[in-house]
Amino acid sequence: MSVESEIQADLDAPEALLTLDEVIDLMVDQLSDGADHPELWRDFPEFMNHFPDFREAVETRLHDRQGPALPLTIILTVATALAGDAADALARFEPISVSHSQSPLVQGVVFFLQSLIDPANAKYDLTDRFCDTPFHKFDVLEGSSHLCCASWLQMSAGNLEMHPWQEVWNSPAAQAIRESIHDGSFRYCNKTACPFIASGTLPSKSDVAAQSGARRHVIDEALTVLPRGPERVTLAYDRTCNLSCPSCRKEKYAADSATRARFDRLQEEEILPMLRDSALVDITGSGDPFASKNFRRLMERLDAESYPDLRFQIMTNAMLLTPREWARFPALHGRTATLRISLDAATGPTHELIRRGARWDVMLENLAFAGDLRKQGMVDNLDFVFVVQVDNYREMGDFVDLGHRFGADAVNFFRMTNWGTFSTAQFAARAVFMPAHAEHDAFVRVMQDPRLRDPLVMLNDLMEFVEENGGNAPLRERHSLSPFD
């Protein structure tokens, strides 16, 4: 029995079966799994009505350090928000939100507090929403695999270096993730980071079911074990890169010979067989495909004759995207669904600051080449990516102009994620999208730039900062993409 059911059974009983301390113990124990528990937040008013001293008891425990601080702080924050000013509770909770930016539990609490502040907003009700991603997508990292971008869904489904891909694809963890979509809790998802959830663009179950008979079967039967492998695979296990961007890593990295040998075995034994039934492979979300010896060999192996139905999405910083390099990979020619270029700037000084080791003059030449590939039909779509932080937010509008200049099909903006390269204080100093940041008001003003309403633009997890009536065109509910999608 879940903690919610156990407490509810107690509340429904003619005489109380659990004491207040036992109820708090159960809540703390439940929250120790690190997942979000929206069903618990929904039941809080009844707990508080049943136990008038609920908040005081939690405050006492925190003061006397009787239990883990984070679960107790979360319980007290939710109780305080429900008892009074949710906006003030959210503001007080912000330091914890920043320091636990990838925690589904903490970000789920933020999501709930936001729902109290804006109760009429339908995006906060996920009970009838459906995310198809964990049912068709598989991200392979070094040492773990995920059913979505790991910054949005941190829980691992397993390790392909230890288990066959078929077992990991339908592992108990994978089944639990899919179950959380079916039951509407989305408890393992980072609700403030996922652009579909944050922007309110997740489709309803009925809409998804109407689009596909196969998806209808998955939804109607609440399937968590899937008979087919992933349709889309993201390969992000090799962090080798030609740059050392501060937002991603502390120093330049290249896999050594022993690591490359491990990756070769992984590719031969698991990746290549898995991709035979896949429709799209993303290379890469961890480094640069043209800098990695392993990914270079893989792209050579994935030829049209051996993999006739497979298409590519290439994610690159574009510093190595030259005509000479492109010519070395005929497997990509005419089979690249999307070429995604991560820039994070619209001017030379900012680009070279954020992209340590990059040269703006080379970047402009390679962007022109990428535009030519798009015109020639060598790639179906050309996308630019910009991860927003304090050092670059003022160039967002100019970045849209850059997209037009080189013929991009989409210009994507995302919040910066702390991948462990920053301390909490360092990340807070860069996270200009957080309300407590000194430049937050200036950032919000930049977000009203009419260029950010251009049909090219996808604002993803930044949509909330654009005022609906502040520009020349209405915001569109466009499907969002991860910088690693």
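Residues numbered from 1 in each chain as written. Predicted model: local features only at pLDDT ≥ 70, side-chain atom pairs only at ≥ 80, totals over all residues. Heavy atoms only, no water.

Looking only at helices and strands, one finds 20 helices and nine strands in the protein chain. Seen through its principal axes, the protein chain has C-alpha atoms that stretch 75 × 50 × 45 Å. Counted over contacts in the protein chain with a minimum sequence separation of 6, partners at least 24 positions apart contribute 70%. Here the protein chain displays about 20,500 Å² of accessible surface, and carbon together with sulfur accounts for 50% of that area. Looking at charge distribution, the protein chain has the averaged site of its 47 positive side-chain charges lying 9 Å from that of its 72 negative ones. (Helix = DSSP H or I, 4+ residues; strand = E, 2+ residues; numbered from the N terminus. Contact = heavy atoms within 4.5 Å. Areas by Shrake-Rupley, 256 points an atom, 1.4 Å probe, with all protein chains shown as cover. Lys, Arg positive; Asp, Glu negative; His and termini not counted. Charge placed at Lys NZ, Arg CZ, Asp CG, Glu CD.)

The subject of this paragraph is the nonpolar core. Soluble globular proteins tend to pack their nonpolar side chains together in the buried interior. Ranked by internal contacts, the top residues of the largest apolar core, which has 117 residues, are Leu-235, Ile-271, Ile-341, Met-396, Phe-413 and Phe-443. Dropping the residues within four chain positions of it, Ile-271 is found in contact with Val-140, Leu-160, Leu-235, Tyr-237, Leu-266 and Leu-298. Phe-54, Val-58, Leu-72 and Ile-74 belong to the second largest nonpolar core, which has 34 residues in total. (Core = buried A, V, L, I, M, F, W, Y, C linked by side-chain atoms within 4.5 Å. Buried < 20%, exposed > 50% of the residue type's maximum accessible area, 1.4 Å probe, protein only.)

Another aspect to go through is helix 4 (residues 54-63). Residues of helix 4 that are buried: Phe-54, Ala-57, Val-58 and Arg-61. Here the buried residues of helix 4 occupy an arc of 95 degrees about the axis, which is enough to place them on one side. Elements that come into contact with the buried residues of helix 4 comprise helix 2 (20-31), helix 3 (38-50) and helix 5 (69-83). Of the residues trailing helix 4, Arg-65 is marked for its positive phi of about 55 degrees. (Arc of directions from axis to C-beta.)

Omega for the bond connecting Ile-283 with Thr-284 falls within 30 degrees of zero, at 10 degrees, which places this linkage in the cis form. You can see Thr-284 is positioned in the loop between strand 4 (280-283) and helix 14 (293-301). Here the phi dihedral of Ala-222 falls at roughly 50 degrees; this positive angle occurs in a residue that is not glycine. Tracing the backbone shows Ala-222 in the loop between helix 12 (213-220) and strand 3 (232-236). Notably, Asn-460 is not glycine yet its phi reads approximately 50 degrees, a positive angle.

This structure, assessed with the given rule, holds 15 aromatic pairs. Relative to Trp-169, the ring of Phe-138 has its centre 5.6 Å away and its plane inclined at 85 degrees; by these criteria the two rings are edge-to-face. Remark: Trp-169 occurs in helix 8 (residues 165-169) and Phe-138 occurs in strand 1 (residues 137-141); sequence separation between them is 31 residues. Judged by its relative accessible area of 0%, Phe-138 is buried. By relative accessible area, Trp-169 is classed as buried at 1%. A connected cluster of aromatic rings, assembled from ring pairs, spans Trp-41, Phe-44, Phe-47 and Phe-54. Note that Arg-178 overlies the ring of Trp-169, its terminal NZ or CZ placed 4.5 Å from the centroid. The ring of Tyr-253 is capped by Arg-239, whose NZ or CZ atom sits 4.0 Å from the centre of that ring. (Phe/Tyr/Trp six-rings, centres within 6.5 Å; stacked < 30°, edge-to-face > 60°. Lys NZ or Arg CZ within 6 Å of the ring centre and 35° of its normal.)

When the terminal C-alpha atoms of helix 6 (residues 86-99) are compared, their 20 Å separation across 14 residues agrees well with the 20 Å that a helix rising 1.5 Å per residue should span. Along helix 6, the helix axis deviates most sharply at Phe-93, where the bend reaches about 45 degrees; the proline Pro-95 sits within four residues downstream. Those residues of helix 6 hidden inside the fold are in contact with helix 5, helix 7 (104-117) and helix 19 (424-430). Its side-chain oxygen 3.0 Å from the backbone nitrogen of Ala-87, Asp-85 forms the N-cap of helix 6. (Expected span 1.5 Å × (residues − 1). Bend = angle between axes of the 7 residues up to and from the residue. Polar contact = N/O pair within 3.5 Å; in protein donor to acceptor, adjacent residues only side chain to side chain.)

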